[in-house]
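Fold and contact review
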Amino acid sequence: VNKVRLNLGCGNNPLPGYVNVDLNTVEEIMARYPDCDLRNGPAIHQYDILQLPFSSSSIEEVRADSLLEHLSFLDEPKFFNEVRRVLKPGGIFRFTVQNFELVAKRWLEARDEWKAFYKDDPDSIRQKHWFGQYSYTQESRWGYLTAMIFGNQKGVGQFHRNCYTRGKIEKVMERVGFEIVSIEDVLWKEARDPMLSVLAKKR
Amino acid sequence: MSGIRLNLGCGGRPLADYYNVDMNTLEQLRQRYPTQVFPENTRIYPWNIFQLPFKDGSVAEIRCDALIEHLSFAEESKFFFEVGRVLKTGGLLRFMVPDLEQVLRLWLEAKDDWKEFFRNDDEAIRAEHWFGQNSYTTEQRWGYLTAVIFGSQNGEGQYHKNGYTEQKILNILSHLNFELESLTRERWKGDREFVLSVMARRA
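Residues numbered from 1 in each chain as written. Chains lettered and ligands numbered in written order. Predicted model: local features only at pLDDT ≥ 70, side-chain atom pairs only at ≥ 80, totals over all residues. Heavy atoms only, no water.

**Focus: helix 5 (residues 141–150) of chain B**
Every α-helix winds through 3.6 residues per turn, so residues three or four apart in the chain are directed the same way. The element helix 5 of chain B is extensively covered by neighbouring structure, given that 10 of its 10 residues are classed as buried. Turning to helix 5 of chain B, its buried residues number three or more, namely R141, W142, G143, Y144, L145, T146, A147, V148, I149 and F150 of chain B. For helix 5 of chain B, the secondary structure elements touched by its buried residues are helix 3 (100–109), helix 5 (141–150) and helix 6 (166–176) of chain A together with strand 5 (87–98) and helix 3 (100–109) of chain B. The backbone nitrogen of W142 of chain B lies 2.9 Å from a side-chain oxygen of the residue at the head of helix 5 of chain B, namely Q140 of chain B. Once helix 5 of chain B ends, the next one or two residues include G151 of chain B, with phi positive near 100 degrees. (Buried < 20%, exposed > 50% of the residue type's maximum accessible area, 1.4 Å probe, protein only. Helix = DSSP H or I, 4+ residues; strand = E, 2+ residues; numbered from the N terminus. Contact = heavy atoms within 4.5 Å. Polar contact = N/O pair within 3.5 Å; in protein donor to acceptor, adjacent residues only side chain to side chain.)

**Comments concerning the interface of chain B and chain A**
Opposite the 44 residues of chain B that make contact, chain A presents 41 residues. Across the interface of chain B and chain A, roughly 3700 Å² is buried in total on both sides, 72% from carbon and sulfur atoms. When the buried area of chain B at its contact with chain A is split by residue, F73, W114 and F117 of chain B rank highest and sum to 22% of it. Taken together, the connections running from chain B to chain A amount to 3 salt bridges. In this structure, E101 of chain A engages R141 of chain B in a salt bridge whose closest nitrogen and oxygen atoms are separated by 2.9 Å. Here chain B and chain A share 11 residue pairs in polar contact (both at pLDDT 80 or more) between them. Among the secondary structure elements, those contributing two or more residues to the side of chain B that touches chain A are helix 2 (73–86), helix 3, helix 5 and helix 6 (166–175) of chain B. (Buried area = accessible area lost by both parts, 1.4 Å probe. Salt bridge = Lys/Arg side-chain N within 4 Å of Asp/Glu carboxyl O.)

**Let's talk about the nonpolar core**
Residues L8, F79, F93 and F100 of chain A together with L8 of chain B are the most contacted members of the largest nonpolar core, which totals 104 residues. The contacts of L8 of chain B, once residues within four sequence positions are left out, are V21, I49, L52, I62, R63, C64, D65, L67 and F79 of chain B. (Core = buried A, V, L, I, M, F, W, Y, C linked by side-chain atoms within 4.5 Å.)

**Some points on the sheet that holds strand 7 (residues 194–202) of chain A**
Residues and elements named next belong to chain A. A sheet is described by the order of its strands in space; here 7 strands give the open sequence 3-2-1-4-5-7-6, paired in mixed fashion. Looking along the sheet, the strands with just one partner apiece sit at the ends: strand 3 (44–45) and strand 6 (178–187). In the sheet, strand 1 (residues 4–8) pairs with strand 4 (residues 59–65) via 4 bridges, with the strands oriented parallel. Bridging across to strand 4, L6 finds its partner in V62. The sheet contacts of helix 2 (residues 75–86) involve strand 1, strand 4, strand 5 (87–98), strand 6 and strand 7, and relative to strand 5 the element is tilted by about 145 degrees. This element, helix 3, spans strand 5, strand 6 and strand 7 of the sheet and lies at about 170 degrees to strand 7. (Pairing = 2+ DSSP bridges. Axes fitted to C-alpha atoms, helices over the stretch in contact; angles between N-to-C directions.)

**Considerations on the pattern of salt bridges**
Going through the model one piece at a time under the given rule, you end up with 32 salt bridges over all chains. When the shortest N-O distance is used, the salt bridge between K78 of chain A and D75 of chain A registers 3.9 Å. Of this pair, K78 of chain A and D75 of chain A both sit in helix 2, 3 residues apart, which is roughly one turn of the helix. Its relative accessible area of 22% is what places D75 of chain A among the partly exposed residues. Here R111 of chain A makes a salt bridge to E113 of chain A, at a shortest N to O gap of 3.2 Å. Where salt bridges share partners, they join E101 and K105 of chain A together with D112 and R141 of chain B into one cluster.

Structural data, given as structure tokens:
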């Protein structure tokens with residue numbers, strides 16, 4: 001039996017055993033993440049995530065890490081409904097999304113110390129310029145923390161357009177027709193953005 | 001005051017005696033703001049705000065209300081440098097921008113009670129739908145308050161891509177060699193979110 005699993009908005013993390021989907025091609029993703037060599041990795045398909053080329057109730061599992069916060073208010077319901085459409089009954093939906101409650105708190109607690117305008121030339125990206133902070137530090141508001149709110153803005157889809165909390169996820173899942181198995185707090189790349197990791201099943 | 005005056009990103013607020021500039025045409029603005037009355041002789045110029053068709057030091061005043069939060073991190077510096085280029089010595093820069101500090105505090109204090117997905121059909125716009133609350137209320141996170149963070153998303157360009165505080169504005173003005181004339185807090189359209197209202201002169 002062919003069990004199809006999808007990894008939507010995979011970015012620089014295509015997974016073996018999944019059909020990996022992203023707005024950007026392998027070349028575009030590698031230009032954005034120069035340290036990352038994806039040439040011998042799994043293929044990355046440029047499918048429309050709001051109209052996936054799969055029949056209804058045909059998919060075993062859908063993963064989407066750090067994707068939801070990139071979708072506009074209007075695309076949000078389209079995406080949830082499309083995931084539900086393609087999943088088999090009982091199929092797994094796993095996603096991580098920023099915990100905006102914690103992002104907002106961290107930003108407010110950080111120092112209001114603007115240093116420099118953003119730079120995204122290749123040298124600045126290599127040096128982790130982040131508005132003149134030269135690191136992923138979360139001590140100043142005007143560095144990586146501001147990019148947690150508005151996206152890293154390094155490519156066409158790299159803007160954040162929405163946000164989530166545990167409470168919102170519970171209500172959205174109920175509305176769309178998913179049963180939540182677990183919601184856990186995790187850190188992106190084990191050190192950066194505070195995220196919620198959600199495991200749910202199609203009702 | 002004599003001289004050239006520009007109103008950049010004028011949206012639904014073109015001003016008499018200014019060159020009103022927007023990425024949308026008057027037709028598009030009429031569609032987005034159906035209740036707004038635009039004077040018969042209103043003209044909207046589709047100029048590129050990063051390459052304004054004016055000589056160095058030739059403009060007396062630039063206004064831009066609710067514009068700079070729509071610019072990406074990379075566009076932010078281009079815009080401020082372009083404003084500095086075209087303004088005369090002593091020329092006036094006036095702008096309003098949401099106070100992200102205030103907005104995030106309100107968002108954290110508000111109820112986390114998600115009701116509905118966003119809608120922007122004509123009926124929803126007329127009913128001030130704002131995620132099912134049918135008002136501009138800021139009592140609840142998932143309505144107008146979330147749109148103050150990420151933009152109203154009711155047209156091209158209607159996304160927020162950056163944020164400002166009083167301190168960040170002071171640091172940027174000093175970085176660009178502008179002298180602050182005044183910085184006050186007011187409410188957008190009289191009763192909505194808190195915005196910072198800034199007047200500064202090019203030194």
